[in-house]
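If you want the building blocks of each chain, they are given just below.
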Amino acid sequence: MNDPVVYMAPAVPSAAALARGEVMVATELRTPEDDSTLCPAAPLLAGTLARAGHTVHMGTVRLLPAGTPSIFHLALAPAALAGTGARDEDALRRCSEVTLAAGANAVPSLHAVNGARAVVGAWARVMRPRRVVLASPRSLCAGVERAIGVVEALLERHASTGRRVFVRKQIVHNAHVVRDLEARGAVFVGELDEVPDGAVVVFSAHGVSPQVRAEARRRGLKVVDATCPLVTKVHSEARRFAARGDTVILVGHAGHEEVEGTLGEAPGATVLVETPQDVARLDLPESVQVSYLTQTTLALDETSAVITALEERFPGLQGPRSDDICYATTNRQHALQAVAAQADVVLVVGSANSSNSVRLVELAERNGTRAHLIDDASGIRPEWISDAATIGLTAGASAPQRLVDEVVAALGGLGPVTLTEHTTTAETATFALPAGVKNR
Ligand code: 2E7
Ligand code: F3S
């Protein structure tokens with residue numbers, strides 16, 4: 001396949017002038033007559049350029065009348081797309097509008113020009129019609145909606161009082177959610193010692209240990225607890241099992257905030273295991289009464305293997321009815337399995353520290369389908385989708401649907417997309433906001 005021809009024409013980004021060597025990726029093109037064309041694949045190009053080390057800006061690029069001396073922009077010439085596999089005129093037209101401006105002055109930097117040329121070429125080569133199959137349920141669960149709602153309600157309330165709203169840890173494990181709330185005034189901290197005495201502080205959806213609660217009381221902090229009610233339930237099970245003298249085995253991932261919180265309920269009586277091998281290595285007398293709990297976002301198949309190992313090792317094992325994996329985790333895994341079976345590759349929208357999102361990637365791979373975790377459309381790489389006629393798409397419980405919509409739109413900039421949705425169950429759960437926070 002030939003590299004696409006890149007031509008130069010005068011253009012100016014509507015944003016402030018770029019520094020020489022910086023790259024502008026057009027999200028929209030405006031002609032001198034003010035005709036507008038959207039460039040849906042812009043986040044794909046911007047992501048690749050950023051990973052290659054370019055400073056990338058995104059925004060409207062205004063085309064100037066021919067002959068105007070100005071900065072240069074690079075556009076993919078429509079002719080260059082012949083032979084790229086693009087089947088229809090529309091796809092050809094849209095991709096040709098993916099436009100890069102390089103440099104603020106009359107002479108763009110060679111580095112930026114070459115970078116733009118290579119990146120446009122890489123994406124042009126993966127143009128083709130595609131099917132995108134959305135997994136349903138996907139995206140926000142009731143616990144995340146509630147946790148975000150808590151922070152939003154407090155920001156609204158304290159906009160008039162001037163009090164800052166602190167949040168201990170990420171409210172949910174999603175970079176976009178955290179960034180958006182931060183932009184609206186929320187102050188995220190790692191630990192309570194970063195919160196001034198007496199201030200308003202929100203506990204994240206993943207829950208906290210009793211030790212953290214005690215510190216907040218000592219410091220006179222005004223706590224609003226956004227712990228998911230399904231995690232609170234696991235905490236009470238931990239207290240109940242430990243209070244009757246059991247050794248509590250918690251199945252979960254070391255270091256995860258939810259696990260830290262649950263372990264804190266009965267630190268002297270709880271041990272953590274992740275795998276059947278960990279169960280075999282447990283150093284416990286056979287006579288001890290053992291019960292188990294699980295993290296809420298584990299993989300169903302892996303967890304059942306660990307529980308089987310526990311049942312074999314401890315015949316008197318007690319526990320919750322099946323496990324503590326929550327409805328949202330279960331539903332997203334079942335939906336993804338159905339979609340992965342029809343897909344050449346799966347994309348999971350979610351952040352790298354989101355346990356339930358990472359489990360979705362691993363599950364697709366265990367089912368034999370390549371899968372990738374992306375924070376947003378800019379994370380997609382051309383080589384992942386070059387030979388994919390069908391892309392399965394889902395989002396973890398902390399990733400907003402808006403990000404999924406942006407992925408679909410960006411893929412539409414690479415050729416016509418036929419979008420379908422595969423629903424395995426309808427989700428209706430909602431959780432009321434905690435006491436002290438107004439329900440809207
Ligand atoms: C709280 C709990 O924020 P997440 O990505 O969290 P995980 O636990 O998957 O890293 O997703 C929502 C959520 C899930 N579980 C929030 Cl306890
Ligand atoms: Fe709660 Fe499950 Fe969501 S534990 S926060 S409903 S993923």
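As shown above, the structure is provided for reference.
Everything numeric in this text was worked out from a predicted model, so none of it was measured.

Focus on the overall build of the chain
Along the chain, the regular secondary structure elements total 14 helices and 18 strands. Taken over 440 residues, the chain has a buried fraction of 53%. For the chain, the proportion of contacts with a sequence separation of at least 24, taken over those separated by at least 6, is 78%.

Some thoughts on the pattern of salt bridges
A full pass over the atoms with the stated rule returns 18 salt bridges. Close ionic contact of Arg168 with Glu191 constitutes a salt bridge, the shortest N to O distance being 3.3 Å. In this pair, Arg168 is assigned in strand 8 (residues 165-168) and Glu191 in the loop between strand 9 (187-189) and strand 10 (200-203), connecting sequence segments 23 residues apart. Owing to a relative accessible area of 33%, Glu191 belongs among the partly exposed residues under this scheme. Several salt bridges converge on common partners, so that one network encompasses Arg168, Lys169 and Glu191.

A short note on the sheet that holds strand 13 (residues 270-273)
In spatial order, the strands read 13-12-14; together these three strands make up an open sheet with parallel pairing. Where the open sheet ends on each side, the last strands, each with one partner, are strand 13 and strand 14 (290-294). With strand direction ignored, the average angle separating the axes of adjacent strands in the sheet is 30°. Both strand 12 (residues 247-251) and strand 14 contribute to a ladder of five bridges, which runs parallel. The partner of Val248 across the bridge, within strand 14, is Ser291. Across the sheet, helix 7 (residues 229-243) is in contact with strand 12 and strand 14; its angle to strand 14 comes to roughly 170°. Sheet contacts for helix 10 (residues 300-313): strand 12, strand 13 and strand 14; angle to strand 14, the most-contacted strand, approximately 175°.

Things to note about the site of ligand 2
Every residue close to ligand 2 is listed here: Cys141, Gly143, Val144, Cys228, Leu230, Thr296, Cys326, Tyr327 and Ala397. Here the shell around ligand 2 is built from residues that sort into seven nonpolar, two polar and no charged.

Brief notes about unusual backbone geometry
The bulk of non-glycine residues show a negative phi, and the bulk of peptide bonds are trans. Between Ser136 and Pro137 the backbone carries a cis peptide bond, its omega angle lying at 5°. Structurally, Pro137 can be placed in the loop between strand 7 (130-136) and helix 4 (142-161). Phi is positive for Asp34, which is not a glycine, with a value near 75°. Within the secondary structure layout, Asp34 lies in the loop between strand 2 (23-30) and strand 3 (36-38). Of note in this structure, Ser139 is not a glycine but carries a positive phi near 65°. Here Ser139 lies in the loop between strand 7 and helix 4.

Some points on the site of ligand 1
In the vicinity of ligand 1 there are 15 residues, among which His173, Ser354, Ser355, Asn356 and Ser398 approach most closely. Note that an oxygen atom of ligand 1 is positioned 2.6 Å from one of the side-chain N or O atoms of Ser354.

Things to note about the pairing of strand 10
The side-chain alternation of strand 10 yields two buried faces, one formed by Val200 and Val202 and the other by Val201 and Phe203. In terms of strand pairing, strand 8 meets strand 10 through four bridges, oriented parallel. Following the sheet pairing, Val167 is matched in strand 10 by Val202. Pairing between strand 10 and strand 11 (residues 222-225): four bridges, direction parallel. Counted as the bridge partner of Val200 is Lys222 from strand 11. Between the parallel elements strand 10 and strand 11, the chain passes through helix 6 (residues 210-218) in a crossover that is right-handed.

Points about the sheet that holds strand 7
Spatially, 16-15-17-7-18 is the arrangement adopted by the five strands of the open sheet, whose pairing is parallel. Edge positions in the open sheet fall to strand 16 (370-374) and strand 18 (417-423), since each of these has one partner strand only. Adjacent strand axes in the sheet meet at a mean angle of 25°, parallel and antiparallel pairs treated alike. Of the strands in this sheet, strand 15 (345-349), strand 16 and strand 17 (390-395) touch helix 12 (residues 355-366), which is tilted by about 165° from strand 16. Along the sheet face, helix 14 (residues 401-412) touches strand 7, strand 15, strand 16, strand 17 and strand 18 and points at about 160° away from the line of strand 17.

As for helix 1 (residues 42-51)
Burial analysis of helix 1 places seven of its 10 residues in the buried class, which makes it a mostly covered element. Among all positions of helix 1, only Ala42, Leu44, Leu45, Ala46, Gly47, Thr48 and Leu49 are buried. Directly after helix 1, the chain includes Gly53, whose backbone phi takes a positive value near 100°.

Observations regarding the nonpolar core
Core analysis: the biggest nonpolar cluster contains 34 residues, and Trp123, Val349, Ile380, Ile385, Leu393 and Val407 have the highest contact counts within it. Put simply, the parts of the chain that give this core at least two residues each are strand 2, helix 1, helix 3 (110-124), strand 7, strand 15, helix 13 (382-385), strand 17 and helix 14. Ranked by residues supplied to this core, first place goes to helix 14 with six residues. Built from parts of two domains, this core gets at least three residues from each of domain 1 (9-127) and domain 2 (131-139 + 327-423).

A short note on the environment of Gly436
By the element assignment, Gly436 lies in the segment after strand 18. For Gly436, a relative accessible area of 58% translates into the label exposed.

Conventions and cut-offs
- Residues numbered from 1 in each chain as written.
- Chains lettered and ligands numbered in written order.
- Predicted model: local features only at pLDDT ≥ 70, side-chain atom pairs only at ≥ 80, totals over all residues.
- Heavy atoms only, no water.
- Helix = DSSP H or I, 4+ residues; strand = E, 2+ residues; numbered from the N terminus.
- Buried < 20%, exposed > 50% of the residue type's maximum accessible area, 1.4 Å probe, protein only.
- Contact = heavy atoms within 4.5 Å.
- Salt bridge = Lys/Arg side-chain N within 4 Å of Asp/Glu carboxyl O.
- Pairing = 2+ DSSP bridges.
- Axes fitted to C-alpha atoms, helices over the stretch in contact; angles between N-to-C directions.
- Near = heavy atom within 4 Å.
- Nonpolar A, V, L, I, M, F, W, Y, C, P; charged D, E, K, R; others polar.
- Polar contact = N/O pair within 3.5 Å; in protein donor to acceptor, adjacent residues only side chain to side chain.
- Right-handed = clockwise from strand over helix to strand, strands pointing away.
- Core = buried A, V, L, I, M, F, W, Y, C linked by side-chain atoms within 4.5 Å.
- Domains from an automatic or database assignment.

Note that every value here comes from positions in space, so none of it alone points to a role or purpose.
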